[in-house]
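Examining the three-dimensional arrangement
Okay, here's what each chain looks like letter by letter:
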Amino acid sequence: MTTTTPHPVVTGARRLARDLLLPHAERVDQEGLPPGHLAAVRASGVLGVSAPREYGGAGAPDAVAREVQEILAGACGTTWFVQTQHHTPVRLLSRSELPVRERLLRPLATGELLAGVAYAHVRAFPRVPVRATAERDGWRFDGTVPWYTGWGLNDVMLLAGVTEAAEVVFVFTEAREQPGLRASPPMRLSALTAARTVSLELDGLRVPEESLVLRTPRERFALVDIPRSANASPAVFGVAYAALRLLEDTPRGRETARALRGRLDEVRRRAYALADQPVERGGVEERLELRARAFDLMRAATTAAVVAGGGRTMSLDHPAQRLAREGMFLLVQGLTAPVREAQLAALTASCT
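An account of the accompanying structure is given in this report. Predicted model only: the values in this text are computed from it and were never measured. (Residues numbered from 1 in each chain as written. Predicted model: local features only at pLDDT ≥ 70, side-chain atom pairs only at ≥ 80, totals over all residues. Heavy atoms only, no water.)

1. Topic: the pairing of strand β3 (residues 138–149)
Two elements, strand β2 (residues 130–135) and β3, share six bridges in a ladder whose sense is antiparallel. Within β3, the position partnered with A132 by the bridge is F141. Following β2, the chain reverses through two residues before pairing antiparallel with β3. Note: β3 against strand β7 (residues 197–208), 10 bridges, orientation antiparallel. (Pairing = 2+ DSSP bridges. Helix = DSSP H or I, 4+ residues; strand = E, 2+ residues; numbered from the N terminus.)

Laid out in structure tokens, this is it:
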């Protein structure tokens, strides 16, 4: 589960996970994310792993970025989930030629600013939860963002809406209450409550034109987004490998761990090889198949860790139950219609 030559950002992520995130993961899960955790994440370099070097990032390849996400997800799901939002804005800015790139890319790449995202609702089209309307000097946003993670922790957010002409519009705005933007109280969830997920009510939120980062037809956005969202998440592998490490520490779980690890390694290899192919080539069905298989193995690994640990795993201070709940969360993260159908089909097939 490692790159051939450890990248400095990978080394930093391992140190962060070993020294801070993993020892406090159960406490964070129950009590919240301390400011010191986010300060350590900002200082570690992981936020700029994919950002261009000339903007203060590491300019690392996707294989390194995936390994970093595996490490963080396997150590503390809450910390992973808050920081993982940050990487989509960084990648989008890295490809943009609009003025906002020069204003925000460096502070995001260096960790001076932490970003969240509010765009998954765009996938609900033709339903439009958030409408974007062009105005003389910018954009107006109206509607409801069902899920926004990191409220009170992030500095800026990447917000998306859909226009009357079915264009997808992405802008940056401050991640705080302001005229036209109101947040719900943080949601209480079965997992990752500490990541401070809220819904956002937008009622005439105005964003200046210079904060625009992307404007594209929805069909063109979907051509890239659908194959990409079909990829297996590195977090799934991170949680699965963390569960296998727990399993390996129990005398009766080692044989099970060995069998599951071999299968997990193979699915990971195939999934990442496909993820490295340009999304324009498609391969959606195979991506979905591997994603569903990765979920199967993650569920098996977390369930085995709970079984091997016995009754002690029902305690909230036991890592096996935390990993099982985080695994359940990953089942519904990024759950587009094609992903849902593929997962249900895989579950149906496993029962026949």
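2. Let's talk about the environment of L16
Along the chain, the position of L16 falls in helix α1 (residues 8–21). Take L16: its relative accessible area is 8%, and that puts it in the buried class. Among all residues touching L16, those that are not within four sequence positions of it are L21, A40, V41, S44 and L72. (Buried < 20%, exposed > 50% of the residue type's maximum accessible area, 1.4 Å probe, protein only. Contact = heavy atoms within 4.5 Å.)

3. Digging into the packing of aromatic side chains
Counted by the stated rule, this structure contains six aromatic pairs. Between Y148 and W151, the aromatic rings sit 6.1 Å apart at their centres with planes inclined by 80°, giving edge-to-face as the arrangement. The class of W151 is buried, set by a relative accessible area of 10%. Through a chain of ring-to-ring contacts, the aromatic side chains of W80, F81 and F329 assemble into a single cluster. Above the ring of Y272, the side-chain terminus of R66 is found at 4.4 Å from the ring centroid. (Phe/Tyr/Trp six-rings, centres within 6.5 Å; stacked < 30°, edge-to-face > 60°. Lys NZ or Arg CZ within 6 Å of the ring centre and 35° of its normal.)

4. Structural notes on unusual backbone geometry
The peptide bond linking F125 to P126 adopts the cis configuration, its omega dihedral lying at 15°. Here P126 is to be found in the loop between β1 (115–118) and β2. The residue L192 is not glycine, and still its phi comes out positive at about 65°. As for its placement among the helices and strands, L192 is situated in the loop between β6 (181–183) and β7.

5. Quick notes on the pattern of salt bridges
The final tally for this structure, using the stated rule, is 21 salt bridges. The partner of D19 in a salt bridge is R18, and the shortest N-O contact between them spans 2.9 Å. R325 serves as the salt-bridge partner of D29, at 2.5 Å between the closest nitrogen and oxygen. Highlighted residues: D29 in helix α2 (residues 25–31) and R325 in helix α12 (residues 319–332), separated in sequence by 296 residues. Considered together, D29 and R325 belong to a single accessibility category, that of buried residues. Through salt bridges that share partners, E26, R322 and E326 make up one connected network. (Salt bridge = Lys/Arg side-chain N within 4 Å of Asp/Glu carboxyl O.)

6. Quick notes on the nonpolar core
Counting residues in each nonpolar core, the largest one holds 65 residues, and the members touching the most others are V46, V68, L72, F237, L244 and L330. Looking at this core element by element, the count peaks at 10 residues for helix α9 (residues 234–248). Residues contacting V68, with those up to four places away along its chain left out, are V9, V10, A13, V46 and V49. Listed in part, the 24 residues of the second largest apolar core include V90, L93, V100 and A115. (Core = buried A, V, L, I, M, F, W, Y, C linked by side-chain atoms within 4.5 Å.)

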